[in-house]
Structure formats: structure tokens, C-alpha cells
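Chain residues, written in single-letter form:
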Amino acid sequence: MSSDLQWLLLRSNSSFIVKRVVEGPVFNKEPGNLRNLNSFKFSGLANPKTIDVAATPAGITITTRKPNASPNAVAPASAKTVIRPRSGGRRALGVAASVAKKGYRPDLRTAALARVSALAAAQKEPKASPPKKTRGKKAKST
């Protein structure tokens, strides 16, 4: 089935569609949708080549669909790259950009970089806050 026909069937009838505001944008929660917008460009179900960026306990997982995979193959058709949380932000962005540099959906490069950087910032351990300094009369008395 062509990807255009799949999109015509999925664009208004999908369990992943989220409509919050009547006249506002239509969002989509499907896997492989980097911007969470209900559009053909970002659709993870209708496009034959998709990039999925997800947070896992092991780190950030970037999953791509192999171009020559059979439509019946689901698990063997995907290639996964795991970025450990302590490997740093530059490595995470480099891995995300390398997928697009190889010619695999270069139009999704900025969306993939934005998703990876947001997940890397969320997984970063917060710094311990310094002790509060006493001010005013309490500071003068000690």
C-alpha cells in the first residue's frame, strides 16, 4: 500500500490523534512522530522511513526503519542506536545528526536534534543547590 493512501486513511481516523482546541492545531502521539503534529511529513505510520527518538532507562534510543525491509517484518526492520546518559550532549547530537547526514530523511534533522537535546537535558542529573547564605541581622550576629 502506498504511503499516500496510508496517510489518506490515517489523517482523520487514528487512535493517536489528540484534538485539544476546536480551531487549534491537531496533535498526534504515534511512535516516530518527532514534532507530535498530525501531518504527513512527521507521520511515523504513513512514511516508509521514520526516525523515532525515545527516552529509555538505558539512555536515549534512536530507532530508524531499514529502507529495504519487508513490510511484513516489524522488529527486524528497525535499527536501534542507544546513547547513554553520561556520554554527553555533543555525542547525542552527533548521533542524531549522522542519521540525517547519511541521506536518511534529511528533512527531519532539526526535529531529531530538538527531540534528542530536550531528552538529554531532561535526563541530566540536577546540580546540588548551594547552602543559603544568611543575610541581615542573623549574618551580623554570627
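For clarity, every value in this text was computed on a predicted model and none was experimentally measured.

Peer 1: Honestly, the overall build of the protein chain in this entry has me stumped. Any pointers?
Peer 2: The helix and strand tally for the protein chain stands at 4 helices and 5 strands. Its helices and strands taken in sequence order, the protein chain reads α-β-β-β-β-β-α-α-α from the N to the C terminus. Taken over C-alpha atoms, the radius of gyration comes to 21 Å for the protein chain, far larger than the 14 Å a tight globule of 142 residues would show. Along the three orthogonal principal directions, the C-alpha set of the protein chain runs to about 80 × 40 × 25 Å. Relative to its 142 residues, the protein chain shows a buried fraction of 27%. The contacts of the protein chain with a sequence gap of at least 6 include a subset with a gap of at least 24, amounting to 41%. Split by element, the accessible area of the protein chain, about 10100 Å² in all, is 56% carbon and sulfur. Each charge class in the protein chain was averaged separately, 27 positive and 6 negative side chains, and the resulting centres sit 16 Å apart.

Peer 1: Would you explain the UniProt feature "domain: Ribosomal eL28/Mak16" (unreviewed entry) in the protein chain in this entry?
Peer 2: UniProt marks residues 5-120 with the feature "domain: Ribosomal eL28/Mak16" (unreviewed entry), using the numbering shown here. Spanning residues 5-120, this segment combines 27% helix with 22% strand, and its end C-alpha atoms are found 36 Å apart.

Peer 1: I keep staring at the sheet that holds strand 5 (residues 78-83) and nothing clicks. Help me out?
Peer 2: One key point about sheets: their strands pair by backbone hydrogen bonds, in either a parallel or an antiparallel sense. With antiparallel pairing, the 3 strands of this open sheet are ordered in space as 3-4-5. Each edge of the open sheet is held by one strand with a lone partner, namely strand 3 (51-56) and strand 5. Neighbour-to-neighbour, the strand axes of the sheet open up by a mean angle of 20 degrees, direction not taken into account. Here strand 4 (residues 59-65) pairs with strand 5 via 6 bridges, running antiparallel. Residue pairing in the sheet places Thr63 in a bridge with Lys80 of strand 5.

Peer 1: Looking at this structure, how should I read a nonpolar patch on the surface?
Peer 2: Taken together, the side chains of Met1, Leu5, Leu8 and Leu9 define a hydrophobic patch exposed on the protein surface, amounting to about 440 Å² of accessible area. When you line up the elements, Met1 lands in the segment before helix 1 (3-10). You can call Met1 exposed: its relative accessible area is 71%.

Peer 1: Would you mind going over the pairing of strand 3 with me for this structure?
Peer 2: Along a regular strand, successive side chains alternate from one face of the sheet to the other. With 6 bridges connecting them, strand 3 and strand 4 associate as antiparallel partners. Of the residues in strand 4, the one forming a bridge with Ala55 is Ile60. Following strand 3, the chain reverses through 2 residues before pairing antiparallel with strand 4.

Peer 1: Is there a simple way to think about the pattern of salt bridges in this case?
Peer 2: Pairs may arise between side chains of opposite charge once their charged atoms sit close together. Enumeration over the complete set of coordinates arrives at 1 salt bridge. As a salt-bridge pair, Asp107 and Arg105 come within 3.1 Å of each other at their nearest N and O atoms. For Arg105, a relative accessible area of 14% translates into the label buried.

Peer 1: I would appreciate a short explanation of the environment of Asn68 in the present structure.
Peer 2: If you trace the backbone, Asn68 turns up in the loop between strand 4 and strand 5. Separated by 59 residues in sequence, Asn68 and Lys127 place their C-alpha atoms 45 Å apart.

Peer 1: Explanation requested: the nonpolar core in the structure shown.
Peer 2: Most often, soluble globular proteins have nonpolar side chains that are buried together. Ranked by size, the top nonpolar core spans 17 residues in total, and within it Leu34, Ile51, Val53, Ile60, Ile62, Ile83 and Val116 carry the most contacts. Taken together, the elements giving at least two residues each to this core come down to strand 3, strand 4, helix 2 (89-101) and helix 3 (109-123). Once residues within four sequence positions are removed from consideration, Val53 is found in contact with Leu34, Ile60, Thr61, Ile62, Arg115, Val116 and Leu119.

Analysis parameters
Residues numbered from 1 in each chain as written. Predicted model: local features only at pLDDT ≥ 70, side-chain atom pairs only at ≥ 80, totals over all residues. Heavy atoms only, no water. Helix = DSSP H or I, 4+ residues; strand = E, 2+ residues; numbered from the N terminus. Rg over C-alpha atoms; globule rule 2.2 N^0.38 Å. Buried < 20%, exposed > 50% of the residue type's maximum accessible area, 1.4 Å probe, protein only. Contact = heavy atoms within 4.5 Å. Areas by Shrake-Rupley, 256 points an atom, 1.4 Å probe, with all protein chains shown as cover. Lys, Arg positive; Asp, Glu negative; His and termini not counted. Charge placed at Lys NZ, Arg CZ, Asp CG, Glu CD. UniProt positions renumbered as here; feature names shortened; annotations may be inferred. Pairing = 2+ DSSP bridges. Axes fitted to C-alpha atoms, helices over the stretch in contact; angles between N-to-C directions. Patch = residues over 30% accessible without salt bridge, like charges linked within 9 Å, V, L, I, M, F, W, Y side chains within 5 Å. Salt bridge = Lys/Arg side-chain N within 4 Å of Asp/Glu carboxyl O. Core = buried A, V, L, I, M, F, W, Y, C linked by side-chain atoms within 4.5 Å.

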